[in-house]
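Survey of secondary and tertiary structure
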Amino acid sequence: MSIFTGLQRPQFQAYYDEAFLIEHRFENGMGFPPSYIYYVKTLGYGRLCGLWNIHIPLGDHPDSWLHRYHDWRAWFDDVLESEEVLQEAALEPDGFPELLEHAVPFASSEENDLLIWDIQSPDERGEFPIYALNLRTWGNFRYAASDLYSLVEALVDEERVKSVLGTDRTPFPYTFEPF
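Okay, so let's go over this structure. Please read all numbers here as calculations on a predicted model, not as lab measurements. (Residues numbered from 1 in each chain as written. Predicted model: local features only at pLDDT ≥ 70, side-chain atom pairs only at ≥ 80, totals over all residues. Heavy atoms only, no water.)

What follows is about the overall build of the protein chain. Broken down by element type, the protein chain carries seven helices and seven strands. Helices and strands appear in the protein chain in the N-to-C order α-α-β-β-α-α-α-β-β-β-β-α-α-β. Evaluated residue by residue, the protein chain yields a buried proportion of 49% over its 179 residues. Taking contacts inside the protein chain between residues at least 6 apart in sequence as the whole, the part at least 24 apart equals 55%. (Helix = DSSP H or I, 4+ residues; strand = E, 2+ residues; numbered from the N terminus. Buried < 20%, exposed > 50% of the residue type's maximum accessible area, 1.4 Å probe, protein only. Contact = heavy atoms within 4.5 Å.)

Before going further, it helps to examine helix H6 (residues 148-155). Taking burial as the measure, the eight residues of H6 include six buried ones, the bulk of the element. Where H6 begins, one side-chain oxygen reaches toward the backbone nitrogen of Tyr149, 3.1 Å away; that side chain belongs to Asp147. (Polar contact = N/O pair within 3.5 Å; in protein donor to acceptor, adjacent residues only side chain to side chain.)

In this section: the packing of aromatic side chains. The description of an aromatic ring pair uses the distance of the two centres, along with the angle that the planes make with each other. For the coordinates displayed, the defined rule picks out 18 aromatic pairs. With 6.0 Å between their ring centres and 80 degrees between their planes, Tyr39 and Phe176 make a pair best called edge-to-face. Of this pair, Tyr39 sits in helix H2 (residues 34-42) while Phe176 sits in strand E7 (residues 176-178); the two residues are 137 residues apart in sequence, bridging distant segments of the chain. The buried category is assigned to Phe176, whose relative accessible area is 1%. Members of the aromatic cluster, connected to one another through ring pairs, are Phe20, Phe26, Phe32, Tyr36, Trp65, Tyr69, Phe106, Trp117 and Phe128. (Phe/Tyr/Trp six-rings, centres within 6.5 Å; stacked < 30°, edge-to-face > 60°.)

What follows covers H2. For an α-helix the count is 3.6 residues per turn, leaving residues at separations of three or four pointing the same way. Taken residue by residue, H2 has Ser35, Tyr36, Ile37, Tyr39 and Val40 as its buried positions. Positive phi appears at Gly44, one or two residues downstream of H2, with a value of about 85 degrees.

With six of its six residues buried, strand E4 (residues 113-118) lies for the most part within the structure. The alternating pattern of E4 places Asp113, Leu115 and Trp117 and Leu114, Ile116 and Asp118 on opposite faces, both of which are buried. Here five bridges tie strand E3 (residues 103-109) to E4, and the two strands are oriented antiparallel to one another. When the bridges of E4 are listed, Val104 appears paired with Trp117. Counted between consecutive antiparallel strands, the loop separating E3 from E4 contains three residues, among which Asn112 sits at a positive phi close to 65 degrees. By the bridge criterion, five bridges tie E4 to strand E5 (residues 130-134) in an arrangement that is antiparallel. Each residue of the ladder has a partner; that of Leu115, found in E5, is Ala132. (Pairing = 2+ DSSP bridges.)

Our focus in this paragraph is the pattern of salt bridges. Any two side chains of opposite charge can pair, so long as their charged atoms come close to each other. One pass over the full model with this rule turns up eight salt bridges. We note a salt bridge from Glu111 to Arg169, for which the minimum N-O separation is 3.1 Å. Residue Glu111 is located in the loop between E3 and E4, and its partner Arg169 is located in the loop between helix H7 (160-165) and E7; the two are separated by 58 residues in the primary sequence. The exposure class assigned to Glu111 is partly exposed, which follows from its relative accessible area of 33%. With a closest N to O distance of 2.7 Å, Arg125 and Asp123 form a salt bridge. (Salt bridge = Lys/Arg side-chain N within 4 Å of Asp/Glu carboxyl O.)

On the secondary structure map, Ile119 appears in the loop between E4 and E5. Judged by relative accessible area, Ile119 falls into the buried class, the value being 2%. A C-alpha to C-alpha distance of 6.9 Å links Ile119 and Ala103, two positions 16 residues apart in sequence. In contact with Ile119, other than residues within four places in its own chain, are Phe26, Glu27, Asn28, His102, Val104 and Phe128.

It is worth spelling out the side chain of Arg169 at this point. By relative accessible area, which is 10% here, Arg169 ends up buried. A polar contact is formed between the side chain of Arg169 and the side chain of Glu111, at a distance of 3.1 Å. Among the polar contacts listed, one links the side chain of Arg169 to the side chain of Asp113, at a separation of 3.3 Å.

Next up, the structure:
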């Protein structure tokens, strides 16, 4: 049983652009990770654990993953063009320069956090490592999880959430709110 099936959520029909979800390929030739595909098909677009807006393919909708990705990518490109000292500050503590080049954001929070995939480092299952990035502090890349399943497990765990989002964080609710 997937951790997604246990989420407290109302019953509804999830909408998403299925063709884009299955056919999209990143610059490395790979598609969306399996845990993300399962998440999209199971839950759809909404807020995960009371914090994360997981953006999914929604066609022309302004909150569609593709529209949001272009905005976020512009931010990463600005960082890449900045002075080296600013790039290094943005990458602390777990980031590395190539991560800025290949970062693919897929979730945002109202607290100016992003979740990104490192698409250049897939595992044997086709999952990309997930990093959390705080835009308020203009950086602070932290390794978060190996896939979305592990991310949810970390967000709801009292100790693991601290390593993902910082020592001041407490566990988040095990919920999903559809938009």
